[in-house]
Amino acid sequence: MKNRIHIVLLAGFFASLMLYVLLFFWDAPLHLSELQAVLCLSFSAVPAFFLQLWLCQLEYVRWTRWLPLCALFLAALIGAACLSGLVGSGWDALGGAILLCWCIVPAAGCALGWLAHGGKRSRRLGTAGLAALLAV
């Protein structure tokens, strides 16, 4: 039964990731371009949710469940360094702001994955993650 859950979660992750990449590179007509921009900013939570839930389901390698959050934290640090002027200048600050905004939605997907996994500790981590996102 667990193998089926793992396969379904991985299939959901890869299917939603493929849909997100196709959506990102889709040349939308002018009247749909606003919808495409909104979906490009908000749809990345779905692959992050499936990935985080799959990593939380793994029993033998518990440290892997922290990998998506560590990658997002590293991207947010790079964005904050560019935004504050520690790295680069001028247009790099705009790139840092865009990178910081891009990190919010996958982090929400990861927090929802922690919440959906269940368990007392996972619920606390997911709730703390969502509270931090709301604070930002």
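Here, every reference points to the structure presented above.
Chemist: I would appreciate a short explanation of the overall build of the protein chain in the present structure.
Modeler: Per the secondary structure count, the protein chain includes 6 helices and 0 strands. The secondary structure elements of the protein chain, listed N-terminal to C-terminal, are α-α-α-α-α-α. Sorting the 136 residues of the protein chain into buried and exposed places 31% on the buried side. For the protein chain, contacts bridging at least 24 residues in sequence account for 56% of all contacts bridging at least 6.

Chemist: Could you clarify how one ought to interpret the packing of helix H4 (residues 67–84) against helix H5 (residues 91–117) in this entry?
Modeler: Two packed helices can be described by the angle between their axes and the distance between those axes. Relative to each other, H4 and H5 sit at 160°, their axes nearing to 8 Å. In terms of orientation, H4 lies roughly antiparallel with respect to H5. H4 and H5 meet at a crossing whose hand is left-handed. Together, Pro 68, Leu 69, Leu 72, Ala 75, Ala 76, Ile 78, Gly 79, Ala 80, Cys 82 and Leu 83 of H4 and Asp 92, Ala 93, Gly 96, Ala 97, Leu 99, Leu 100, Trp 102, Cys 103, Pro 106, Ala 107, Cys 110 and Trp 114 of H5 make up the contact between the two elements.

Chemist: I would appreciate a short explanation of the packing of helix H3 (residues 45–57) against H5 in the present structure.
Modeler: Interaxial distance between H3 and H5 falls to 7 Å at its minimum, and their mutual angle equals 40°. The two elements H3 and H5 cross, and the hand of that crossing is right-handed. In this structure, H3 uses Ala 45, Ala 48, Phe 49, Gln 52, Leu 53, Cys 56 and Gln 57 to contact H5, whose residues at the interface are Val 105, Pro 106, Gly 109, Cys 110, Leu 112, Gly 113, Trp 114, Ala 116 and His 117.

Chemist: Would you mind going over a nonpolar patch on the surface with me for this structure?
Modeler: Together, Phe 14, Leu 17, Val 21, Phe 24 and Phe 25 give the surface a local cluster of nonpolar side chains, amounting to about 530 Å² of exposed area. Locating Phe 14 in the fold gives a position in helix H1 (residues 2–25). Residue classification places Phe 14 among the exposed positions, given a relative accessible area of 51%.

Chemist: What should I look at first to understand the side chain of His 6 in this one?
Modeler: The topology assignment puts His 6 in helix H1. For His 6, a relative accessible area of 15% translates into the label buried. For His 6, the side chain forms a polar contact with the side chain of Trp 54, separated by 3.5 Å.

Rules behind the numbers
Along each chain, residue indices are assigned from 1 in the same order as the chain's sequence is written. Confidence filtering applies because this is a predicted model: local features only for residues at pLDDT of at least 70, side-chain atom pairs given and counted only at 80 or more, and all residues used for totals across whole chains, interfaces and linings. Water and hydrogen atoms were dropped before computing side-chain values, which therefore reflect all heavy atoms in the structure. A helix here means a DSSP run of H or I that spans at least four residues, while a strand means a run of E at least two residues long, and both kinds are numbered starting from the N terminus. Burial classes: relative accessible area under 20% of the type maximum marks a residue as buried, over 50% as exposed, and values in between as partly exposed (1.4 Å probe, protein chains only). Any pair of residues with heavy atoms lying within 4.5 Å of one another is described as a contacting pair. Structural elements are reduced to axes, namely lines fitted to C-alpha atoms, with helices fitted over the stretch in contact, and the angle between N-to-C directions of any two is expressed from 0 to 180 degrees. Any angle between 65 and 115 degrees counts as roughly perpendicular, while under 35 counts as roughly parallel, over 145 as roughly antiparallel, and the rest as oblique. In a left-handed crossing the near helix is turned counterclockwise from the far helix by less than a right angle, and in a right-handed crossing that turn is clockwise. Surface patches are defined over residues having more than 30% relative accessible area and no salt bridge, joining like charges when they lie within 9 Å and nonpolar side chains (Val, Leu, Ile, Met, Phe, Trp, Tyr) when within 5 Å. Every accessible area reported is derived by Shrake-Rupley at a probe size of 1.4 Å, with residue values counting cover from the shown protein chains alone. A carboxyl oxygen of Asp or Glu within 4 Å of a side-chain nitrogen of Lys or Arg is what we treat as a salt bridge. Definition of a polar contact: a pair of N or O atoms within 3.5 Å, with one able to donate and the other able to accept a hydrogen when the atoms are protein atoms, and with sequence-neighbouring residues admitted only if both atoms are side-chain atoms.

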